[in-house]
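For reference, the chains in residue letters:
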Amino acid sequence: MEAFRPWRGGYLSKAQETERRLLARMACDVVEMLGHSMADLAERESSNAAEADPLAAYEAELSGVAGGRRPIDDAMFRLLPDMSEDPRQAEALREMTSASLSAAKAEHLFILWRSVNGATDDVWVGNEDMPGWISAINSIRLVLASRLDIQGEEDGREIYEVAQDITGANGKGNQREVQTPDELLRVLYTMVTWWQESLLLAARNKTPHR
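Residues numbered from 1 in each chain as written. Predicted model: local features only at pLDDT ≥ 70, side-chain atom pairs only at ≥ 80, totals over all residues. Heavy atoms only, no water.

**Observations regarding the pairing of strand β2 (residues 10-14)**
Working step 1: In terms of residue burial, β2 counts as a mostly covered element, since 4 of its 5 residues are buried.
Working step 2: Note that strand β1 (residues 5-7) and β2 share 3 bridges and pair antiparallel. Among the inter-strand pairings, Arg5 is bridged to a residue of β2, identified as Leu12.
Working step 3: Bridge count for β2 against strand β3 (residues 122-126) is 5 bridges, and the pairing is antiparallel. Residue Leu12 lies in a different strand from β3, and its bridge partner there is Trp124. (Buried < 20%, exposed > 50% of the residue type's maximum accessible area, 1.4 Å probe, protein only. Helix = DSSP H or I, 4+ residues; strand = E, 2+ residues; numbered from the N terminus. Pairing = 2+ DSSP bridges.)

Next comes the structure, spelled out in structure tokens:
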């Protein structure tokens, strides 16, 4: 996976097929959490049979991430937090806005899903899609943070250090295979956080004429 860089009309990155497929799977899972279906947002090509697919094991670990070890209410609270400290007012506001907010987040996740489902490793985010793409990857980060029980910066640093040890990004050159679903989630959380930050940095550094 490469950092995003400014490009005429948008931002360009590259991601390997494995990375793009995992991101697409996560986007689909979060859309389903929100009560929608990616199939309702776009027609999807049929995938290969799981037994013949070398990525099926990883995708099986991610399948149903919405119903993982931690209660779904925790992840949903992070995706759709209360808008008032008063319980009654918060409940009333949630009833009025949850449907529209869920629909908007699902649309944003479709933008991300579409960007990682190209025929090549290129990942393109147009200027007009950038806010929605950022929102979508943040939704994925929130769900992963819930699954990993990340409560603050210290937890985030620990996740980052473990992911670096797994991927060999710690400078020791000891990359190894992901061994457990928990390790996979740690690597994915670190990966999507870094990718989101690279797009934000590219947006800040973009010259006005692009």
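**Considerations on the confidence of the model for the protein**
Working step 1: Looking at the protein as a whole, its pLDDT mean stands at 78, while 72% of the residues score no less than 70.
Working step 2: Between the elements of the protein, mean pLDDT differs from a low of 52, seen in helix α3 (residues 56-62), to a high of 96, seen in β2.
Working step 3: Contacts from residues 44-52, a stretch scored under 50 in pLDDT, to residues over four places away or in other chains number 5 contacts.
Working step 4: Here residues 64-71 is modelled with pLDDT under 50, and outside its nearest four sequence neighbours on either side it reaches 18 contacts, counting other chains as well. (pLDDT = per-residue confidence, 0-100. Contact = heavy atoms within 4.5 Å.)

**A closer look at helix α6 (residues 130-147)**
Working step 1: The first and last C-alpha atoms of α6 sit 26 Å apart over 18 residues, in line with the 26 Å expected at 1.5 Å per residue.
Working step 2: For α6, the tally of buried residues reaches 14 of 18 residues, placing the bulk of the element in the interior.
Working step 3: Directly beyond the C-terminal end of α6, a positive phi value near 55° is found at Asp149. (Expected span 1.5 Å × (residues − 1).)

**Side note on the packing of helix α1 (residues 17-33) against α6**
Working step 1: For the pair α1 and α6, interaxial distance at closest approach is 10 Å and the crossing angle is 85°. In terms of orientation, α1 and α6 fall into the roughly perpendicular class. Between α1, through Leu23, Met26, Ala27, Val30 and Met33, and α6, the contact on the second element is made entirely by Ser139, Ile140, Val143, Leu144 and Arg147.
Working step 2: Of the residues assigned to the contact of α1 with α6, the class counts are 8 nonpolar, 1 polar and 1 charged. (Axes fitted to C-alpha atoms, helices over the stretch in contact; angles between N-to-C directions. Parallel < 35°, antiparallel > 145°, perpendicular 65-115°, else oblique. Nonpolar A, V, L, I, M, F, W, Y, C, P; charged D, E, K, R; others polar.)

**A closer look at the environment of Ala75**
Working step 1: Its location among the elements puts Ala75 in helix α4 (residues 72-79).
Working step 2: Given a relative accessible area of 0%, Ala75 falls into the buried group.
Working step 3: Along the sequence, Ala75 and Val143 sit 68 residues apart, while their C-alpha atoms lie 5.3 Å from each other.
Working step 4: Among all residues touching Ala75, those that are not within four sequence positions of it are Met33, Ser146 and Arg147.

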